[in-house]
Amino acid sequence: MPRPVTLFTGQWADLPLRELAPLAKRMGYDGLELACWGDHFNVQEALASDAYCRDKWALLKQHGLTSLAIGNHLVGQAVCDLIDARHKSILPAHVWGDGEPEGVRQRAAKELADTARAAAKFGVKTVTGFTGSSIWHATYAFPPTTQEYWDAGFADFGKRFTPILDTFEQHNINFALEVHPTEIAFDIASTQRAIDAVKGHRRFGFNFDPSHLAYQGVDYVKFIRTFPDRIYNAHMKDVWWGKGDGTVGVFGGHTSFGDARRYWDFRSVGRGMVDFESIIVALNDIRYAGPLSVEWEDSRMDRVHGATESAAFCRRLDFEPSARAFDASFEER
């Protein structure tokens, strides 16, 4: 069967799950990648109560939906970041605590490890998320940045994330980093360096999202082919670039999404410049059988309209890989 088409619920957290679930079904989705914010999935409640997980599944099944992953991007961001006031708005109160940076990072690490435990209890095999980064702020290398400086940042990531990944291993759960500016890995080169930093830990893989690679000039199809055994989830999200008025560059100019001056912006799936046909071919070539999970973001479009057409686009685009060579019949007599 073609891959299930699911919806990542992070951009819909303003809606209670009891409202989003029937809406998602009407929009054409097979399931939900539940975000760990809003009321969609609460890690600590899942760990504390068997009824909590049963009730989530009952609600999903009532509307003909499944779930194949949960996403804890917001907490993951705080594991390695240099913590500032912005983090308070995205973190649960028990993770933020008194806001002391190292305490926040340690509590975020514990919460992400708990997410593996909660995922196992809920019955999914993948947690998508972020890592944060202690060195992202220095990406543009001035004052001059040495390789030793970068090495220290990757070592910090390895030190903080390896124990988390060990918990994922204990519970047979994969962590799928969404490779993304502001994370420890944001292109192919930094992704390989991140793998090396955790010594190739088998639970460290990727939530493939072409939108964060394309506008940087990174070959997103090559990403799939470079890390074929580590693609644990796939986000379908589109982007266009080179569309601004020349006053804002790739770094965004401190403008907001939807500003017509921007060089790049996210688009509803199928309306940007990402070559999804080549992505499906590459996913077939690596035998990826997981979901195509729509992460819908488009500042210029009504989200119900956009998410509905995105589901239809993904379903129309996807196809099963061939079980035989197309010219094999020529050899039959």
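In short, a report on the structure. (Residues numbered from 1 in each chain as written. Predicted model: local features only at pLDDT ≥ 70, side-chain atom pairs only at ≥ 80, totals over all residues. Heavy atoms only, no water.)

**What to know about the pattern of salt bridges**
Two side chains of opposite charge can pair, provided their charged atoms sit close to one another. What the rule picks out here adds up to 22 salt bridges. A salt bridge links Asp 318 to Arg 3, with the nearest nitrogen and oxygen atoms 2.7 Å apart. Here Asp 318 is found in the segment after helix 12 (303–317), whereas its partner Arg 3 is found in the segment before strand 1 (5–8), with 315 residues between them in sequence. Taken individually, Asp 318 and Arg 3 each receive the classification buried, so the pair is uniform in this respect. Arg 271 serves as the salt-bridge partner of Glu 309, at 2.5 Å between the closest nitrogen and oxygen. Placement of the pair is Glu 309 in helix 12 and Arg 271 in the loop between strand 9 (264–267) and helix 11 (276–285), with a sequence separation of 38 residues. Judged by its relative accessible area of 42%, Arg 271 is partly exposed. Within this structure, Glu 102, Arg 105, Asp 156 and Arg 160 form a network of salt bridges that share partners. (Salt bridge = Lys/Arg side-chain N within 4 Å of Asp/Glu carboxyl O. Helix = DSSP H or I, 4+ residues; strand = E, 2+ residues; numbered from the N terminus. Buried < 20%, exposed > 50% of the residue type's maximum accessible area, 1.4 Å probe, protein only.)

**Comments concerning the side chain of Thr 126**
Relative to the assigned elements, Thr 126 resides in strand 4 (residues 126–129). Not counting residues up to four positions away in its chain, the partners in contact with Thr 126 are Leu 68, Ala 69, Ile 70, Ile 173, Asn 174, Ala 176, Tyr 232 and Asn 233. (Contact = heavy atoms within 4.5 Å.)

**Details of a nonpolar patch on the surface**
A cluster of nonpolar side chains, Tyr 140, Phe 142, Val 250 and Phe 251, forms an exposed patch at the surface whose accessible area comes to about 560 Å². Residue classification places Phe 142 among the exposed residues on the basis of a relative accessible area of 64%. (Patch = residues over 30% accessible without salt bridge, like charges linked within 9 Å, V, L, I, M, F, W, Y side chains within 5 Å. Areas by Shrake-Rupley, 256 points an atom, 1.4 Å probe, with all protein chains shown as cover.)

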